[in-house]
Amino acid sequence: MRKLLTLGLVFVLLSFLAVPMNARPCELSEKARIYVGWEGYFYQYLLYGQVVDPSNTLDTWMVAKWSKDWSFPFGSENDPEKSWFAVHFTWYTNDLSGFFGYETRVAWDNVDEIPDASYKVEEYVKIMIIGENSKYIGKGAYPAASLGYPFPTNAYVVHQTIEVYNATTGEILFEITFVPLQGS
């Protein structure tokens, strides 16, 4: 009984130490190294300081997290090996042509509501600073700069997966992992 009481007391004390982490939409927390919000807002306002056109920002939801050693936002040649940046994108589309309908996204301005669309697409990407002889390159990692952003030459996409869902039912239709290469 004494052990049970002690265990219960420890559990109660630990529960007081647990602090829920809530990120408000379109908020960048540099201390927590996290961003949760619209992709367009992230790129236009937070990274480039541009005036945000709401009609161009509300169609892809983004959750980004980066390691302590990563030089925000795009990393640096001087970042230590294995520092990383990870992002999870969500968008809706009626047409999966191009990059899984990214170019033909459905307007979406409320993350709590499902827009009128055929497909929900989720993309997971992890970028890491790696050396030339890294095992990741042998498993299909490719230069992150090819994504169209100013990542350093030693930053590589080391994981990339796309999941496509039926937007109405939530049923997964298919999943493709580009990196690492299947069978590696």
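Residues numbered from 1 in each chain as written. Predicted model: local features only at pLDDT ≥ 70, side-chain atom pairs only at ≥ 80, totals over all residues. Heavy atoms only, no water.

A word on the overall build of the protein. Across its full length, the protein carries four helices and eight strands. Helices (α) and strands (β) of the protein occur, in sequence order from the N terminus, as α-β-β-α-β-β-α-β-α-β-β-β. By residue count, 35% of the 184 residues in the protein fall in the buried class. Restricting to contacts in the protein with at least 6 residues of sequence separation, those with at least 24 account for 57%. Taken as a whole, the protein presents about 11200 Å² of accessible surface, with 56% of it coming from carbon and sulfur. (Helix = DSSP H or I, 4+ residues; strand = E, 2+ residues; numbered from the N terminus. Buried < 20%, exposed > 50% of the residue type's maximum accessible area, 1.4 Å probe, protein only. Contact = heavy atoms within 4.5 Å. Areas by Shrake-Rupley, 256 points an atom, 1.4 Å probe, with all protein chains shown as cover.)

Next up on the list: the environment of E163. Tracing the chain through its elements places E163 in strand 7 (residues 155–166). You can call E163 buried: its relative accessible area is 13%. Considered as a pair, E163 and K120 are 43 residues apart in the sequence and their alpha carbons are 8.3 Å apart. The residues touching E163, leaving out its near neighbours within four places in the chain, are K120, V121, E122, Y124, I172, F174 and E175. Here the side chain of E163 touches Y165 through a polar contact of 2.6 Å, side chain to side chain. (Polar contact = N/O pair within 3.5 Å; in protein donor to acceptor, adjacent residues only side chain to side chain.)

All chains considered together, the criterion is met by 14 aromatic pairs. Members of the aromatic cluster, joined through ring pairs, are W66, W70, F72, F74, F85, Y149 and F151. Sitting over the ring of Y165, K120 keeps its end group 5.8 Å from the ring centre. Across the ring face of W84, the terminal group of K126 is positioned such that the distance to the ring centre comes to 5.4 Å. (Phe/Tyr/Trp six-rings, centres within 6.5 Å; stacked < 30°, edge-to-face > 60°. Lys NZ or Arg CZ within 6 Å of the ring centre and 35° of its normal.)

The next point concerns the pattern of salt bridges. Evaluated as defined, the whole model comprises three salt bridges. R105 is paired through a salt bridge with D59; the nearest N and O atoms lie 3.3 Å apart. Of this pair, R105 sits in the loop between helix 3 (97–100) and strand 5 (119–129) while D59 is found in the loop between helix 2 (39–47) and strand 3 (60–66), placing the two residues 46 residues apart along the sequence. With a relative accessible area of 27%, R105 lands in the partly exposed category. Looking at D59, the relative accessible area reads 15%, which means it is buried. Across the salt bridge formed by K120 and E122, the nearest N and O atoms sit 3.1 Å from each other. One salt-bridge network, in which partners are shared between bridges, spans E39, D59 and R105. (Salt bridge = Lys/Arg side-chain N within 4 Å of Asp/Glu carboxyl O.)

With that out of the way, let us pick up the nonpolar core. Counting residues in each nonpolar core, the largest one holds 23 residues, and the members touching the most others are M62, W70 and I127. Taken together, the elements giving at least two residues each to this core come down to helix 2, strand 3, strand 4 (84–93), strand 5 and strand 7. With residues near it in sequence (within four places) discarded, I127 still touches W70, S83, W84, F85, A144, L147, F151, A155, Y156 and V157. Residues W61, Y92, W108 and A117 belong to the second largest nonpolar core, which totals nine residues. (Core = buried A, V, L, I, M, F, W, Y, C linked by side-chain atoms within 4.5 Å.)

Turning our eyes to something else, we now look at the confidence of the model for the protein. Overall, the prediction assigns the protein a mean pLDDT of 83, with 78% of residues at 70 or greater. Looking across the protein, the model is least confident in helix 1 (residues 2–17), with a mean pLDDT of 40, and most confident in strand 5, with 98. Counting interchain partners and residues more than four positions distant, the pLDDT-below-50 stretch residues 3–24 has four contacts. (pLDDT = per-residue confidence, 0-100.)

Most of strand 3 sits out of view: five of its seven residues are buried. Bridge analysis of strand 2 (residues 34–38) against strand 3 gives five bridges, and the strand direction is antiparallel. For I34, the partnering residue across the bridge sits in strand 3 and is K65. With seven bridges joining them, strand 3 and strand 4 adopt antiparallel strand pairing. Note on strand 4: the bridge partner recorded for A64 is V87. (Pairing = 2+ DSSP bridges.)

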